[in-house]
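# Per-entry structural report
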Amino acid sequence: MQLTNSVVIVDFFPEAFIAEACEKKGMKTVVKRFQKRVTFRDSKQKSYSTIGMIDFKHEITSRIAKGAEVTDFNLDKMPREEYRPLYC
């Protein structure tokens, strides 16, 4: 999902697809984590973070309530060329 306001563009990319049991469908795929990319419109600087499903829901609700608009849907994972978290 992509949200846009006058200051930033916030992209949420699905990160972890998990199969869970479902009584009606047998198995269903859910997303538990998202990669969040914040692009500042004036400076074009970007900030990256990983958030969980609950934080995703709260942030979407909060940003839309403050006037952000849904401008796109990101259905695939973020390209690895753009963001690769560090591992220890």
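Okay, so let's go over this structure.

Criteria and cut-off values
- Residues numbered from 1 in each chain as written.
- Predicted model: local features only at pLDDT ≥ 70, side-chain atom pairs only at ≥ 80, totals over all residues.
- Heavy atoms only, no water.
- Pairing = 2+ DSSP bridges.
- Helix = DSSP H or I, 4+ residues; strand = E, 2+ residues; numbered from the N terminus.
- Axes fitted to C-alpha atoms, helices over the stretch in contact; angles between N-to-C directions.
- Contact = heavy atoms within 4.5 Å.
- Core = buried A, V, L, I, M, F, W, Y, C linked by side-chain atoms within 4.5 Å.
- Buried < 20%, exposed > 50% of the residue type's maximum accessible area, 1.4 Å probe, protein only.
- Patch = residues over 30% accessible without salt bridge, like charges linked within 9 Å, V, L, I, M, F, W, Y side chains within 5 Å.
- Areas by Shrake-Rupley, 256 points an atom, 1.4 Å probe, with all protein chains shown as cover.
- Salt bridge = Lys/Arg side-chain N within 4 Å of Asp/Glu carboxyl O.
- Phe/Tyr/Trp six-rings, centres within 6.5 Å; stacked < 30°, edge-to-face > 60°.

Spatially, 5 strands are ordered S4-S3-S2-S1-S5 in an open sheet, and the strand pairing comes out antiparallel. One side of each edge strand has no neighbouring strand; the edge strands of this open sheet are strand S4 (46–52) and strand S5 (69–72). Recorded for the sheet is a direction-independent mean angle of 30° between the axes of neighbouring strands. The pairing of strand S3 (residues 26–40) with S4 spans 7 bridges and is classified as antiparallel. Counterpart to glutamine 35 in the pairing with S4 is threonine 50. Relative to S4, helix H1 (residues 53–65) is tilted by about 125°, and along the sheet it contacts strand S1 (2–4), strand S2 (8–22), S3, S4 and S5.

Residues Met1, Leu3, Val8, Val10, Phe12, Val31, Phe34, Val38, Ile51, Phe56, Ile60 and Ala68 constitute the largest nonpolar core, which totals 12 residues. Looking at this core, the elements with two or more residues in it are S2, S3 and H1. With sequence-adjacent residues up to four places away left out, isoleucine 60 is seen in contact with Met1, Leu3 and Phe12.

With phi around 65°, lysine 44 is a residue other than glycine that occupies positive phi space. Inspection of the secondary structure puts lysine 44 in the loop between S3 and S4. Judged by relative accessible area, lysine 44 falls into the exposed class, the value being 60%.

Another aspect to go through is a nonpolar patch on the surface. Taken together, the side chains of Ile64, Val70, Phe73 and Leu75 make up a nonpolar region of the molecular surface, amounting to roughly 420 Å² of accessible area. Its location among the elements puts isoleucine 64 in helix H1. Taking relative accessible area as the criterion, isoleucine 64 reaches 40% and is therefore assigned partly exposed.

Within this structure, the stated rule accounts for 2 aromatic pairs. A ring pair is formed by phenylalanine 12 and phenylalanine 56, whose centres lie 5.2 Å apart and whose planes are at 80°; its orientation type is edge-to-face. Of the two residues, phenylalanine 12 is situated in strand S2 and phenylalanine 56 in helix H1; the sequence distance between them amounts to 44 residues. There is no split in this pair, since phenylalanine 12 and phenylalanine 56 are both buried. A ring pair is formed by phenylalanine 34 and phenylalanine 56, whose centres lie 4.0 Å apart and whose planes are at 15°; its orientation type is stacked. With a gap of 22 residues between them, phenylalanine 34 in strand S3 and phenylalanine 56 in helix H1 connect regions that are remote in the sequence. For phenylalanine 34, a relative accessible area of 8% translates into the label buried. Taken together, the ring pairs connect Phe12, Phe34 and Phe56 into an aromatic cluster.

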